[in-house]
Amino acid sequence: MNKRTLALILLFLVQVFYGLNYGFANDVIDGGYIKPYGFILLRLLGATTLFWIIGLFIPKEKIDKKDYLTFVAAAFFGMFLNMLSFFKGLEFTTPIHASVISTITPIVVLVLSSIFLKEKITGLKILGIILGFTGAIILSVYGKAIHSGDNILLGNSLIILNATAFSIYLIIAKKLTAKYHPLTIIKWLFLLGLIMTTPVGIQEFRDVQWHTFSAYHIFSAFFVVVFATFGTYLLNVIALKHVKASTASIFVYLQPIVAAIFALIIGSDIINSVKIIAAILIFVGVYLVTKPTK
């Protein structure tokens, strides 16, 4: 097996892990076993520990003082705001809603790049932006709740905030990837994210009644920490050494497909015409935005 084929397999696994993450995380949160902020603290604590263990086996790099603020900003948007808004949003919306809306990240990146990096936007990409956000709005306004405590508009708005925060993180972290080893970046960002999140999530983390967890919910929490956090970041780093970022971005379309199939199997979500129409609009929008220009 050549390196490119291996990289494509790893990217496929990343999207499968992400897709399953919506259902597993939603079941643990909606079941009342652990609240969103406490779950994030658990996620960061577990993944940070694993990344620093892995970090023992790579050459140590010294971080330049001038890059300290960049690391802090990347950790704030990529680990703190990104994860908190995602899990809090997942508390109020459904796995299919969250997974579909999360695919607008390339659209948000394009908009932010045009504002802050002065990148030119073509007419086709403007159409893609309009279609993508139209799909997100339809999903938020006309989407129906599955559980009594759901608030689709609030939940989907938080998922959009999650996509925006992650997009800002990508732009900030871009300059770091050219200077430092990927694992060096990740382990420090996760550690900083853990420090930022601890004051917010510590009380919910302390309130967890671990003895009430069923075997399924223990596995769900384990999957979110080890596979959907540590595993996805690690496999992405390995894969991106052998394929272009544009190639990797295509795999994002697998997320809502995996999430929808899994959510239907475990009964945590349903499919209806609103979700299908909104998904088509978002997918077409993302395609137009990511389509290479001549």
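The structure under discussion appears in the preceding block.
Below: a short report on this structure. (Residues numbered from 1 in each chain as written. Predicted model: local features only at pLDDT ≥ 70, side-chain atom pairs only at ≥ 80, totals over all residues. Heavy atoms only, no water.)

**Focus on the overall build of the protein chain**
Okay, step 1: A tally of regular secondary structure across the protein chain gives 12 helices and 0 strands.
Okay, step 2: The helix and strand sequence of the protein chain, counted from the amino end, reads α-α-α-α-α-α-α-α-α-α-α-α.
Okay, step 3: Relative to its length of 294 residues, the protein chain is compact, with a C-alpha radius of gyration of 19 Å against a globular reference of 19 Å.
Okay, step 4: Across its three principal directions, the C-alpha atoms of the protein chain cover 55 × 50 × 40 Å.
Okay, step 5: Considering only intrachain contacts with a sequence separation of at least 6, the fraction spanning at least 24 residues in the protein chain is 91%.
Okay, step 6: A total accessible area of about 14200 Å² is found for the protein chain, and carbon and sulfur atoms account for 71% of it.
Okay, step 7: If you average the places of the 23 positive and of the 11 negative side-chain charges in the protein chain, the two averages end up 14 Å apart. (Helix = DSSP H or I, 4+ residues; strand = E, 2+ residues; numbered from the N terminus. Rg over C-alpha atoms; globule rule 2.2 N^0.38 Å. Contact = heavy atoms within 4.5 Å. Areas by Shrake-Rupley, 256 points an atom, 1.4 Å probe, with all protein chains shown as cover. Lys, Arg positive; Asp, Glu negative; His and termini not counted. Charge placed at Lys NZ, Arg CZ, Asp CG, Glu CD.)

**Some points on the pattern of salt bridges**
Okay, step 1: Evaluated as defined, the whole model comprises 3 salt bridges.
Okay, step 2: With its nearest N and O atoms 2.7 Å apart, the salt bridge here joins Asp 64 to Lys 179. Here the residue Asp 64 occupies a position in the loop between helix H2 (36–55) and helix H3 (68–92), and Lys 179 occupies one in the loop between helix H7 (152–177) and helix H8 (182–206), the gap between them amounting to 115 residues.
Okay, step 3: Taking the shortest distance from any N to any O, the salt bridge between Glu 91 and Lys 88 comes out at 3.1 Å. In this pair, Glu 91 and Lys 88 both sit in helix H3, 3 residues apart, roughly one turn of the helix.
Okay, step 4: The exposure class of Glu 91 is partly exposed, given its relative accessible area of 23%.
Okay, step 5: In this structure, a network of salt bridges that share partners links the residues Asp 64, Asp 67 and Lys 179. (Salt bridge = Lys/Arg side-chain N within 4 Å of Asp/Glu carboxyl O. Buried < 20%, exposed > 50% of the residue type's maximum accessible area, 1.4 Å probe, protein only.)

**Topic: helix H12 (residues 273–290)**
Okay, step 1: The terminal C-alpha atoms of H12, which comprises 18 residues, lie 26 Å apart, in line with the 26 Å expected from a rise of 1.5 Å per residue.
Okay, step 2: Along H12, the residues classified as buried are Lys 275, Ala 278, Ala 279, Ile 282, Gly 285, Val 286, Leu 288 and Val 289.
Okay, step 3: Buried positions along H12 lie against helix H4 (95–102), helix H5 (105–116) and helix H6 (123–142).
Okay, step 4: You can read the cap of H12 off the contacts: a side-chain oxygen lies 3.3 Å from the backbone nitrogen of Val 274, and it is on Asn 272. (Expected span 1.5 Å × (residues − 1). Polar contact = N/O pair within 3.5 Å; in protein donor to acceptor, adjacent residues only side chain to side chain.)

**What to know about the packing of H5 against H12**
Okay, step 1: At their nearest, the axes of H5 and H12 sit 8 Å apart, and the two run at 45 degrees to each other. For the element pair H5 / H12, the angle class is oblique. Relative to H12, H5 is oriented so that their crossing is left-handed. Of the residues in H12, those touching H5 at Pro 106, Ile 107 and Leu 110 are Gly 285, Val 286, Val 289 and Thr 290.
Okay, step 2: Grouping the amino acids of the contact of H5 with H12 by side-chain chemistry returns 5 nonpolar, 2 polar and no charged. (Axes fitted to C-alpha atoms, helices over the stretch in contact; angles between N-to-C directions. Parallel < 35°, antiparallel > 145°, perpendicular 65-115°, else oblique. Left-handed = near helix turned anticlockwise from the far one by under 90°. Nonpolar A, V, L, I, M, F, W, Y, C, P; charged D, E, K, R; others polar.)

**Some thoughts on the environment of Tyr 68**
Okay, step 1: Mapped onto the elements, Tyr 68 comes out in helix H3.
Okay, step 2: Distance in space between the C-alpha atoms of Tyr 68 and Thr 229 is 24 Å, their sequence separation being 161 residues.

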